[in-house]
Amino acid sequence: MKDKKQKKNNPVSAELKAQKSEEAMIAGILEGSPDGIGVAVIRLDCGCRKMAAVDKNGEPASKVIIYRDQAESICDKCKADNGAFSRVKEEFIHWVDPQPDQATKNMILKKVLGTQVTH
């Protein structure tokens, strides 16, 4: 029981980092995207996620993938609206090492996620 309480109250979960359940999907996307220097991860309020690799210019380096952990399919909301922007809960870019410099990161973040990043 102690471990479950620690997970719920763990401040790391509030940071915008890839969760264990997302890491395999990120690795698969990057494997199929040789130009990818990161993966945009968008978490929706329904629990589904949208991901796509980005290149050094902030352009797509893969197709957008929508998935839901431990489910055969995405939810009905996502089927209807393709994971609408209005339902974004969190978004960030998972960078590949070596990471680009901060100016390049900022340019890509603005281009891919927009000027207002959710936290």
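Attention shifts here to the nonpolar core. Counting 14 residues, the largest nonpolar core has Leu44, Cys46, Cys48, Cys78 and Ile93 as the members making the most contacts within it. Those elements giving two or more residues to this core turn out to be strand S1 (38–44), strand S4 (88–95) and helix H4 (102–113). Those residues within four positions of Cys78 in sequence are excluded, and the remaining contacts are Leu44, Cys46, Cys48, Gly83 and Arg87. Membership of the second largest hydrophobic core comes to 9 residues, among which are Ile26, Ile29, Val39 and Met51.

Further remarks concern the pattern of salt bridges. Evaluation of the coordinates by the stated rule reveals 7 salt bridges. One salt bridge in this structure joins Arg43 and Glu22, with 2.8 Å as the shortest N-O distance. In this pair, Arg43 sits in strand S1 while Glu22 sits in helix H2 (residues 20–31), placing the two residues 21 residues apart along the sequence. Both residues of the pair, Arg43 and Glu22, count as buried. Where salt bridges share partners, they join Glu22, Arg43, Arg49, Asp69 and Glu90 into one cluster.

Conventions and cut-offs
Once a new chain begins, its residue numbering starts again from 1 and follows that chain's sequence as written. This being a predicted model, a pLDDT of at least 70 is required before a residue's local features are given, and a value of 80 or more before pairs of side-chain atoms are given or counted; all residues contribute to the totals for chains, interfaces and linings. In computing side-chain properties, one takes all heavy atoms of the structure into account and sets aside hydrogens as well as water. Remark: nonpolar core denotes a set of buried residues (Ala, Val, Leu, Ile, Met, Phe, Trp, Tyr, Cys) joined through side-chain atoms within 4.5 Å. Each residue's exposure class comes from its accessible area (1.4 Å probe, protein chains only) as a fraction of the maximum for that residue type: buried when under 20%, exposed when over 50%, partly exposed otherwise. Secondary structure follows DSSP: runs of H or I at least 4 residues long count as helices, runs of E at least 2 residues long count as strands, and numbering of each begins at the N terminus. Contact definition: two residues touch when any of their heavy atoms are within 4.5 Å. By definition, a salt bridge exists where a carboxyl oxygen of Asp or Glu is found within 4 Å of a side-chain nitrogen of Lys or Arg.

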